[in-house]
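Letter by letter, the chains look like this.
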Amino acid sequence: MRYAPLVWAGLRRKSLRSVLIFLAIATAFLLYGLLQGVNAGFGHALDEARVNRLYVMSRVSASEPMPISHRADIARLPGVTGVAVMTWFRGYYREPRNALQSFAIEPRAFFRLFPELEVARAQLDEMARTRDGAIVGRALAQQFGWRVGDRVTLGAPLWPRTDGEAWRFRIVGLYDNHTTASPITNFFLNYDYFDEARATQKGTVQLLVAGVRDPARAPATAAAIDALFANSPDETRTQGEKEWARALISQIADVRFIVTAIMAAVFFTLLFLTASVVMQSVRERRTEFATMKTLGFTDASLLGLVLAETMALFVSAAAAGIGAAALAFPAMQALLGLARLPASVTLTGLAAAALLALASALVPALRVRSLPIAATLSGR
Amino acid sequence: MALLHQAFAVTALNLRSIPQRIGSSLVVVIGIAGVVAVLVAVLAMAEGYRRSLLASGRPDRAIVLRAGAASELTSLIPREAAAFILDAPGIRRDGDEPVASAEPVLSIGVTSARNGEPTDAAVRGVGAGFGRLRPELRLTEGRMFRPGTRELIVGRAAATEFRGVRIGERLRVRDDAWTIVGHFESGDAHESELVGDADAILSGFRRDGYQSVTLALASPAALGTVRTALAARPDLGVEVRTERAYLADRAAGLTRLLGFVARVVAGIMALGAVFGAIVTMHAAVDARAAEIATLRAIGFGAGAIILSVLAEAIALALAGSMLGAAAAWALFNGHAVSTRAGGFAQIMFPLSVSGGSLASGIAWALAIGLLGALLPAWSAARRPIIVGLRQA
């Protein structure tokens, strides 16, 4: 720790330059935090996936309707704890631009199968009692200023009603989810009300979610479900939640590759910059180092000093950059799909900073270690 | 003018001595190259997507969707409504038949040829008039599907992106097998689709409504006629737009997002590059402190010195932008990207490095170079001559 003042003095020697390098590194890591956050956002869906839920959809495609009678058949299978129905409502609020993640569900079965969605018992009961009731995510309600008891009208071009009226709902509850970093913005409406009022595809659902008692038997149960409907006009394809999430993610784009490519370019350039600056700084301070060696500092300690200086600069700047990224997250959660920066991104970032510092300073530090005292002091 | 004459002379001196400072000069060049490459690459994605969608747009074609539907994904037009639309005045007619096509669009699960994972392909049913409606669609292999049969033709991009869509192969859907009988190209986003007869698709997939009606206008001005006719039946709840307007709206969302991402990412990189540029230009100026002091001592003005430092930075920035643009062009131009982009199914399009994005890249590079050199140039000119001479 007695070296700390020396490290600090070394950095302060050309404070403008140190500040600029600090800012350059912080900027690079701000970008790192944001981009890796996007990456992690996709990975999160995989991590959060539950192993005791299976997703049953039509073999034709994910949004193709299946007869609702499938539900009873699946529920009778051994090992299935419950079956929930889901259909995409694809509604919007006021303008088509405000598209909502909206689903028609049967409230009791659905929330039992998704226990991580926290909703008050009384509100759930109210939803089951109220045909046009809706339970919405807390963040969604905040976004539009909705409160429990409000009436809202949604546009749903895909689902014209037999009576030609608009789709009106009454918000009877809000739900939360503390296990996820994703935004809480779903809109749940009653399937019974939806199916009765809609003009097309009556008596069908797009997705059935089956709970399995024993996760180890999940693949066997999935196969059993598909076997139930094989060679019928409504064949199914059943997947675990992880595979379901993975399929969705891989279809968006090769985001991981793009992010890695950008960060590689950024870090490579940064390394170039810092390595040349450290090299130059060491060259400037030749006489200082030589004097210190005369005073008794060992070669190894001077090597350590140079490394420590660069390390301190890098790690503090990286922390600042990642900290700034973390601050930006809540504001950009709609874009990034995550409400907070994951800790893993911070830790990997700091480790990367240490490695870059090492890479930048190693060669100059080794030069300092083998600096010849007399030759340096006499100016050669 | 003496100033320009001096500045020119000093700049020539600076540039000739760059090889002595090649390390730090390279830092500026590479840093800027990185920023430009990333900016151009992301803009190429936005441009490629936009071009691919807009390629379909012709001023004499219009598309009818359900009112309030942003795209075919959220649109539904029942049979009776479609029949009414096809009869509307203002549509070009071939004898008695309207040059129009009522189209169901849906997705089916297929396997990606890229990674073997399940993915979704868009299937479009077209009406009898579609050949005259879309003359740009040309068969490249095989033959056209026969109306009323379970046959499909596959677009060029879809043929490479998905497995099991070669000519003669079959896709199993429920109890039916759909046979691929031809491949086509059309120079637009429809190349990502599988196309078949509308009635066959409606019955095969048990649908009773269309997603859109595309029609050829008797003249570009006839749009108003069609619109009035449709407005006379508000119970149908449909709206008509030119194909161009519709596609521009559809492209707008993703294009805006990508443009935003490009600017944010490149903006942050540019900020870092500015810091880096300041440091290296400062070092460059410091290394030549004696030289600059001597020049000023023999009469070169401070203005000339400043201009020369800026000129050097601009030269390095231009070199960096060339490098970055060349890298982006070589690596990405024409490269096919496949994405879902909030639609039914995968849409494939080639990246397109346009003149506009290259110009943006160069502009950014120049800005970085100038900002980076400002502070060092100023301090170079202001340092007392005698201090500089002492370093000689």
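Report follows, based on the coordinates.

So, how was this worked out
Residues numbered from 1 in each chain as written. Chains lettered and ligands numbered in written order. Predicted model: local features only at pLDDT ≥ 70, side-chain atom pairs only at ≥ 80, totals over all residues. Heavy atoms only, no water. Buried < 20%, exposed > 50% of the residue type's maximum accessible area, 1.4 Å probe, protein only. Helix = DSSP H or I, 4+ residues; strand = E, 2+ residues; numbered from the N terminus. Pairing = 2+ DSSP bridges. Expected span 1.5 Å × (residues − 1). Bend = angle between axes of the 7 residues up to and from the residue. Axes fitted to C-alpha atoms, helices over the stretch in contact; angles between N-to-C directions. Patch = residues over 30% accessible without salt bridge, like charges linked within 9 Å, V, L, I, M, F, W, Y side chains within 5 Å. Areas by Shrake-Rupley, 256 points an atom, 1.4 Å probe, with all protein chains shown as cover. Salt bridge = Lys/Arg side-chain N within 4 Å of Asp/Glu carboxyl O. 1 Å grid on protein atoms, 1.4 Å probe; cavity = no way out; pocket = protein on both sides within 12 Å on 5 of 7 lines; lining within 4 Å. Points joined across faces, edges and corners; volume = space filled by probe spheres on them. Nonpolar A, V, L, I, M, F, W, Y, C, P; charged D, E, K, R; others polar. Contact = heavy atoms within 4.5 Å. Buried area = accessible area lost by both parts, 1.4 Å probe. Polar contact = N/O pair within 3.5 Å; in protein donor to acceptor, adjacent residues only side chain to side chain.

Describing the pairing of strand S1 (residues 61-66) of chain B
All names here are of chain B.
Move 1: Most of S1 sits out of view: six of its six residues are buried.
Move 2: Sheet analysis places S1 next to strand S14 (residues 212-216), joined by four bridges and oriented antiparallel. Within S14, the position partnered with Val-64 by the bridge is Val-213.

With respect to helix H14 (residues 343-369) of chain A
Two residues of an α-helix separated by three or four positions point the same way, owing to the 3.6 residues in each turn.
Residue and element names in this part refer to chain A.
Move 1: For H14, which comprises 27 residues, the first-to-last C-alpha distance of 37 Å matches the rise-based estimate of 39 Å (1.5 Å per residue) to within 8%.
Move 2: At Leu-362, H14 shows its largest bend, some 45 degrees, and a proline, Pro-364, comes one to four positions later.
Move 3: Among the residues making up H14, those that are buried are Val-345, Gly-349, Ala-352, Ala-353, Leu-356, Ala-357, Ser-360, Ala-361, Pro-364, Ala-365 and Val-368.

Focus: the sheet that holds strand S15 (residues 238-242) of chain B
Residues and elements named next belong to chain B.
Move 1: Spatially, S5-S14-S1-S15 is the arrangement adopted by the four strands of the open sheet, whose pairing is antiparallel. The open sheet terminates on both sides in strands that have one partner only, identified here as strand S5 (100-103) and S15. Taken over all neighbouring pairs, the strand axes of this sheet differ in orientation by 20 degrees on average, direction set aside.
Move 2: Here S1 pairs with S15 via five bridges, running antiparallel. Bridge assignment links Arg-66 to a residue of S15, and that residue is Val-238.

Observations regarding a nonpolar patch on the surface
Residues and elements named next belong to chain A.
Move 1: Taken together, the side chains of Leu-355, Leu-358, Leu-362, Val-363 and Leu-366 define a hydrophobic patch exposed on the protein surface, amounting to about 410 Å² of accessible area.
Move 2: Within the secondary structure, Leu-355 sits in helix H14.
Move 3: Residue Leu-355 is classed as exposed on the basis of its relative accessible area, which comes to 58%.

Looking at empty space enclosed by the protein
Move 1: Inspection of the entire model under this criterion finds six cavities of 30 Å³ or more.
Move 2: A volume near 260 Å³ is recorded for the largest cavity.
Move 3: Along its surface, the largest cavity is lined by 22 residues, and Thr269(A), Gly31(B), Met269(B), Gly272(B) and Ala273(B) are the ones closest to its centre.
Move 4: The set of elements that each furnish at least two residues to the lining of the largest cavity consists of helix H2 (15-48) and helix H10 (255-284) of chain A together with helix H2 (22-54) and helix H8 (243-287) of chain B.
Move 5: Each residue belonging to the lining of the largest cavity can be placed in one class, and the counts come to 15 nonpolar, seven polar and no charged.
Move 6: Of the voids in this model, the second largest cavity is the one considered here, and its volume is about 230 Å³.
Move 7: Lining the second largest cavity are 18 residues, and of these Leu11(A), Val278(A), Ser281(A), Glu309(A) and Leu313(A) lie nearest its centre.
Move 8: At the level of secondary structure, the elements contributing two or more residues to the lining of the second largest cavity comprise helix H1 (4-12), H2, H10 and helix H12 (299-331) of chain A.
Move 9: Taken together, the residues that form the lining of the second largest cavity break down as eight nonpolar, five polar and five charged.

Notes on the interface of chain B and chain A
Reports often express the size of an interface as the amount of accessible area lost when the parts come together.
Move 1: At the junction of the two partners, chain B supplies 49 residues and chain A supplies 45 residues.
Move 2: Buried surface at the junction of chain B and chain A, summed over both partners, amounts to about 4,000 Å²; 67% is from carbon and sulfur atoms.
Move 3: Among the residues of chain B in contact with chain A, Arg174(B), Ile268(B) and Val279(B) are the three that bury the most area, contributing 15% of the side total.
Move 4: At the boundary of chain B and chain A, one finds three salt bridges.
Move 5: The salt bridge partner of Lys14(A) is Asp286(B), with a shortest N-O separation of 3.6 Å.
Move 6: Where chain B touches chain A, the interface holds five residue pairs in polar contact (both at pLDDT 80 or more).
Move 7: Of all the secondary structure elements, the ones that give two or more residues to the side of chain B that touches chain A are H2, strand S6 (105-111), strand S7 (118-126), strand S10 (170-173), H8 and strand S16 (336-339) of chain B.

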